[in-house]
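Structure assessment
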Amino acid sequence: MTGLVAAVDGSKPATAALEWAADDARRRGAALRIVHVREPWAHQYPFHAVEGFADSYGEFCEGVLAAAAERAHEVAPDLEVTTELAEGTVVETLRAASAGADALVVGSRGTGGFSGLVLGSVGLGLTGHAPVPVVVVRRPHRDEYHEVVVGFDGSPHSEAALEFAFEEARARRARVHAVYAWEAPIFSPFATGYTATMHEVFDEESRSARLRLAPWREKHPDVPLVESAVFGHPVPALAEASLVADLVVVGSRGLGGVRGALLGSVSHAVLHRAHCPVAVVRLPEGKR
């Protein structure tokens, strides 16, 4: 394992992300690198006017990293932790810093976020763009359900998500719950045999899901896999499944994605509606 990268900025969501990353690195037997990005122009911000901030921006940055490293060791005392103070634009710098890592973990929004927003510009800028899976953590997640939910539609992006879901489930000694959702074909409910036709469609799609997932059971025999065939839009199905999940994993885009788009509508919506951390997984460079 190469290790995980956690981005910190002193905000509560970033602290929740750090705690998640430290715990996940402990499970994986991996190292954790904590990165704080110092924006070149940020010394112009009036940090001195905010109670609790250090007198200088440089001291503030060093303090953020020191506090994060201390918290990581509280979560996982034996964890190998390193820190990095990088300079540049936040999204581009974190993208570069995460190259070669197992995953990049970020808070849903940081110190520059607007109150009420679920996902900030940094989280949105990284998901679908970073070279590694990006885990977005909104709040501390204390309960353990021993289940990793993954959205699956048979696309290459969803297969990349499924591979990451198995890695996470194995580390957590959990099961994978693959949610296979599709929307109904357009039939008139008054057409002859409408009910029978819909049952046939449901049975056929359910069989298709089982067949597509069968090789994954063979590939990962040590990780339990269950599937749900859902008649409807995938976002509500994944949001509901996230209520009793430790993590939801989605591909950066699926079968319905617009070619060239870096983040699809389903993954974008799940980031906003899930009740647990969300991992967005891109295809490896050579397979896009």
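Residues numbered from 1 in each chain as written. Predicted model: local features only at pLDDT ≥ 70, side-chain atom pairs only at ≥ 80, totals over all residues. Heavy atoms only, no water.

Note the threshold: UniProt positions are given in the numbering used here, feature names are shortened, and annotations may be inferred rather than shown by experiment.
The chain is annotated in an unreviewed UniProt entry as Universal stress protein from Microbispora amethystogenes. One UniProt comment on the chain, placed under Sequence similarities (unreviewed entry), says "Belongs to the universal stress protein A family."

Re the overall build of the chain
So the rule is basically this: A run of H or I in DSSP becomes a helix once it reaches four residues, and a run of E becomes a strand once it reaches two; helices and strands are each numbered from the N terminus. For every residue, the accessible area obtained with a 1.4 Å probe (protein chains only) is divided by the maximum for its type, and the residue is called buried under 20%, exposed over 50%, and partly exposed between those limits. In this analysis, two residues are considered to be in contact whenever any of their non-hydrogen atoms come within 4.5 Å of each other. Computed with a 1.4 Å probe, the accessible areas rest on the Shrake-Rupley method; for each residue, only the protein chains presented here act as cover.
Counting its regular elements, the chain contains eight helices and ten strands. Counting over 288 residues, the chain shows a buried share of 47%. Sequence separation of 24 or more characterises 78% of the internal contacts of the chain that already satisfy a separation of 6 or more. For the chain, the accessible area works out to roughly 14,300 Å², and carbon and sulfur atoms hold 53% of it.

Considering the packing of aromatic side chains
As a reminder, the rule being used: The rule is short: rings of Phe, Tyr and Trp, with Trp giving its six-membered ring, pair when the centres are within 6.5 Å, and they are stacked under 30 degrees, edge-to-face over 60, tilted in between.
Following the criterion strictly, the structure yields two aromatic pairs and no others. For the ring pair phenylalanine 152 and tyrosine 180, a centre distance of 6.4 Å and an interplane angle of 40° mean the geometry is tilted. Here the residue phenylalanine 152 occupies a position in the loop between strand S6 (147-151) and helix H5 (156-172), and tyrosine 180 occupies one in strand S7 (residues 175-182), the gap between them amounting to 28 residues. When its relative accessible area of 3% is taken as the criterion, phenylalanine 152 is described as buried. For the pair phenylalanine 166 and tryptophan 216, a centre-to-centre distance of 6.1 Å together with 5° between the ring planes defines the contact as stacked. Taken together, the residues span a long stretch of sequence, with phenylalanine 166 in helix H5 and tryptophan 216 in helix H6 (residues 194-219) at a distance of 50 residues. Residue class for tryptophan 216 comes out buried when judged on its relative accessible area of 9%.

Remarks on a nonpolar patch on the surface
The condition is simple: Grouping into patches uses exposed residues only, defined as over 30% relative accessible area, and leaves out salt-bridged ones; the cut-off is 9 Å for like charges and 5 Å for nonpolar side chains (Val, Leu, Ile, Met, Phe, Trp, Tyr). Any Lys or Arg side-chain nitrogen located within 4 Å of an Asp or Glu carboxyl oxygen qualifies as a salt bridge.
On the surface, a nonpolar cluster with roughly 250 Å² of combined accessible area is contributed by Tyr145, Leu243 and Val244. Relative to the helices and strands, tyrosine 145 is located in the loop between strand S5 (134-137) and S6.

What about the environment of valine 230?
The residue valine 230 is located in strand S8 (residues 225-231) in this model. Judged by its relative accessible area of 24%, valine 230 is partly exposed. C-alpha separation for the pair valine 230 and alanine 181, spaced 49 residues apart in sequence, amounts to 4.5 Å. Once residues within four sequence positions are removed from consideration, valine 230 is found in contact with Val179, Tyr180, Ala181, Trp182 and Ala237.

Some thoughts on helix H3 (residues 90-97)
For clarity, the cut-off: This arc corresponds to the set of directions leading from the helix axis out to the C-beta atoms.
Where H3 is concerned, the buried positions are Thr93, Leu94 and Ala97. Projected down its long axis, H3 shows its buried positions confined to an angular sector of 95°, all on one face.

Comments concerning helix H1 (residues 12-28)
Basically, it comes down to this: In this analysis, the expected span of each helix is defined as 1.5 Å times one less than the number of residues it contains. Throughout this description, a polar contact denotes any pair of N or O atoms lying within 3.5 Å of each other; where both atoms belong to protein, one of them has to be capable of donating a hydrogen while the other can accept it, and for residues adjacent in sequence the pair is counted only when both atoms sit in side chains.
With 17 residues, H1 ought to run about 24 Å at 1.5 Å a step, and its terminal C-alpha atoms sit 24 Å apart, in line with that. Of all 17 residues in H1, 14 are buried, a share of seventy percent or more. Backbone nitrogen of alanine 14 and a side-chain oxygen of the N-cap are separated by 3.3 Å at the start of H1; the cap is serine 11.

Quick notes on the environment of leucine 283
Within the element layout of this structure, leucine 283 appears in the segment after strand S10 (278-281). By relative accessible area, which is 8% here, leucine 283 ends up buried. In sequence terms leucine 283 and proline 131 are 152 residues apart; their C-alpha atoms lie 8.8 Å from each other.

Considering the pattern of salt bridges
One pass over the full model with this rule turns up 15 salt bridges. Across the pair aspartate 24 and arginine 172 runs a salt bridge, and its minimum N-O distance is 3.6 Å. Of this pair, aspartate 24 sits in helix H1 while arginine 172 sits in helix H5, and the two are 148 residues apart along the sequence. Exposure class is identical for aspartate 24 and arginine 172. Each is buried. Glutamate 92 is paired through a salt bridge with arginine 95; the nearest N and O atoms lie 3.2 Å apart. With a gap of three residues between them, glutamate 92 and arginine 95 both fall in helix H3, about one helical turn apart. Connected via shared salt-bridge partners are Asp23, Arg26, Arg27 and Glu144.

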